[in-house]
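The lines below spell out each chain.
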Amino acid sequence: MLLLLLFLLLSPQGCSARYDPTWESLDSRPLPTWFDEVKFGIFIHWGVFSVPSFGSEWFWWYWQKEKRQPYVKFMETNYPPGFSYEDFGPLFTAEFFDANQWADILKASGAKYVVLTSKHHEGFTLWGSKYSWNWNAVNVGPKRDIVAELATSIRNRTDLHFGLYHSLFEWFNPLFLYDASNVFKTRQFPTAKSLPELYEIVTKYQPEILWSDGDGNAPDTYWNSTGFLAWLYNDSPVRDTVVTNDRWGVGSICKHGGYYTCSDRYNPGHLLPHKWENCMTIDKWSWGYRRNTQLSDYLTIEELVKQLVETVSCGGNLLMNIGPTHDGRIDVIFQERLRQMGDWLRVNGEAIYGTKPWRTQNDTVTPGVWYTFKPKEETVYAIFLNWPISGTLILGDPKTIIGETQVKLIGHKGQLKWVSLGEKGMTVAVPQLTPNQLPCQWGWTLQLTNVK
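Since this is a predicted model, take the numbers as computed values, not measurements.

**Regarding the sheet that holds strand β5 (residues 243-244)**
At step 1: Taking strand neighbours across the sheet as the criterion, the seven strands line up as β5-β4-β3-β2-β1-β7-β6 in an open arrangement whose pairing is parallel. Each edge of the sheet is formed by a strand with only one pairing partner; in this case those strands are β5 and β6 (276-281).
At step 2: With five bridges joining them, strand β3 (residues 161-167) and strand β4 (residues 209-213) adopt parallel strand pairing. Bridging across to β4, G163 finds its partner in I209.
At step 3: Against the sheet, helix α9 (residues 188-205) makes contact with β2 (113-119), β3 and β4, and its axis sits at roughly 170° relative to β3, the strand it touches most.
At step 4: Contacts from helix α12 (residues 301-313) reach β1 (40-44), β6 and β7 (316-322) within the one sheet, and its direction differs from that of β7 by about 150°.

Rendered as structure tokens:
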């Protein structure tokens, strides 16, 4: 018995399954349960691109590589001849960055996880990476470890899970360009830069989400993605809790990895067989902050609530992006949207957090009605985005049980009256309320118990 106990303690199999560096093995790893339960997260795109804050976080590429006219003209008009993208580095000052304030704003949004861009395609790391000499936030610009500060504040002040985005490739890194010129038959860049950075951030900051991006048109074999993920799942300090996405090389997106992102702003509108995430932006056109935005460029809170409800009903998580300013502020319009989402979730959160997709996702009779489900409580939630002027809401999918079915409007006291339509569903009488009496402003939830 003692020998058996020692074997179990010493054997890797004694703790959890071991994964081989193959997609077949890695894809068999169950997604940690916490990710499906939380439903809603905040993406933060912040870096040197926040200094020009013009057009897009792809500023460097559009200006220097594609030479798009608006970007070229912007630089010619506002900066001296010979000004390089690297010259923006010292101007990424972050003097107003307050990690505690950020943590409080994120908590107020109702989000349950956050993903910070530790490094975008420009190669600038928000931590003092040993592998990004003099092109990181500790050596240049803020002279601060942004990742460490935010991780500490998130963990000390909130219940959010902390995650990190990391770009595999870098647009203008000489090592990557050399490998690309060799059709990725050489592997100088991942060996010297990208992979060491990944091991570094996982070991140092222990993120619970690792959001990979930017394959640079190279296959996963070039990036040694399966080898890295085998270490991540088997031996890393976050092996039991970490969640990964699907962007690990050409051909892996929507096929391999943890959960699927499939494309930016992915919202299929129907149930998928695999856990997925809708990563999208409050600013319709950019992930990074833009000084040249118009009010119409931002999604309204009604549109954001609709995105959340549709996504969760179809089994996805919503990852909603904000872009801070170069000096470290979360712009007030982003703050307003985040707090509005938090206000909505304080009322309707039970229909979002910890739910599962129901047998149907949206109502077959009334547009703008989406369903979620809690199996243990046997509760169905009907989230309707338009308040019925008629005073009645027809639901074509729930089948009532006479004498047992109960209907409540979340945030409003008392039971609602309803009439069975047999196999055609039910009609619910919504209460006559003034705008000030409504439980919330941008979408409402019926709690249905004992329905089929």
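**Thoughts on the packing of aromatic side chains**
At step 1: Applying the stated rule across the entire model yields 52 aromatic pairs.
At step 2: Ring plane angle 50° and centroid distance 5.0 Å describe the contact between F43 and W211, whose orientation is recorded as tilted. In this pair, F43 sits in strand β1 while W211 sits in strand β4, placing the two residues 168 residues apart along the sequence. For the pair F43 and W211, one class covers both residues: buried.
At step 3: Taken together, a centroid distance of 5.9 Å and an interplanar angle of 80° make the contact between F43 and W287 edge-to-face. Taken together, the positions of F43 in strand β1 and W287 in the loop between β6 and α12 put the pair 244 residues apart, joining distant regions of the chain. The exposure classification of F43 matches that of W287, with both residues buried.

**A few points about the UniProt feature "site: May be important for catalysis" (unreviewed entry) in the protein**
At step 1: Under the feature "site: May be important for catalysis" (unreviewed entry), the UniProt entry names C279.
At step 2: Relative to the elements of secondary structure, C279 occurs in strand β6.
At step 3: A relative accessible area of 0% means that C279 is categorised as buried.
At step 4: Setting aside residues up to four positions removed in sequence, C279 forms contacts with F43, W211, R247, S263, D264, R265, Y266, W287 and L319.

**Comments concerning the pattern of salt bridges**
Oppositely charged side chains may form a pair once their charged atoms are brought near each other.
At step 1: Scanning all chains against the criterion turns up 20 salt bridges.
At step 2: One salt bridge connects K193 with E170, and the closest N-O pair in it is separated by 2.7 Å. You can see K193 sitting in helix α9 and its partner E170 sitting in the loop between β3 and α8 (174-181), a full 23 residues away along the chain.
At step 3: You can call K193 buried: its relative accessible area is 7%.
At step 4: Across the salt bridge formed by R247 and D264, the nearest N and O atoms sit 2.9 Å from each other. In this pair, R247 sits in the loop between β5 and β6 while D264 sits in the loop between β5 and β6, placing the two residues 17 residues apart along the sequence.
At step 5: Note on R247: relative accessible area 10%, which makes it buried.
At step 6: What emerges from the salt-bridge pattern is a single network uniting D36, K39, K275 and K356.

**Digging into the sheet that holds strand β10 (residues 392-395)**
At step 1: Taking strand neighbours across the sheet as the criterion, the three strands line up as β10-β13-β12 in an open arrangement whose pairing is antiparallel. Where the open sheet ends on each side, the last strands, each with one partner, are β10 and β12 (418-420). Geometrically, the sheet is characterised by an average inter-axis angle of 15° between neighbouring strands, direction not taken into account.
At step 2: Pairing geometry for β12 and strand β13 (residues 426-429), over three bridges, is antiparallel. Following the sheet pairing, W418 is matched in β13 by V428.

**What to know about empty space enclosed by the protein**
At step 1: The final tally for this structure, using the stated rule, is one cavity of 30 Å³ or more.
At step 2: Estimates place the volume of the largest cavity at around 40 Å³.

The rules behind these values
Residues numbered from 1 in each chain as written. Predicted model: local features only at pLDDT ≥ 70, side-chain atom pairs only at ≥ 80, totals over all residues. Heavy atoms only, no water. Pairing = 2+ DSSP bridges. Helix = DSSP H or I, 4+ residues; strand = E, 2+ residues; numbered from the N terminus. Contact = heavy atoms within 4.5 Å. Axes fitted to C-alpha atoms, helices over the stretch in contact; angles between N-to-C directions. Phe/Tyr/Trp six-rings, centres within 6.5 Å; stacked < 30°, edge-to-face > 60°. Buried < 20%, exposed > 50% of the residue type's maximum accessible area, 1.4 Å probe, protein only. UniProt positions renumbered as here; feature names shortened; annotations may be inferred. Salt bridge = Lys/Arg side-chain N within 4 Å of Asp/Glu carboxyl O. 1 Å grid on protein atoms, 1.4 Å probe; cavity = no way out; pocket = protein on both sides within 12 Å on 5 of 7 lines; lining within 4 Å. Points joined across faces, edges and corners; volume = space filled by probe spheres on them.

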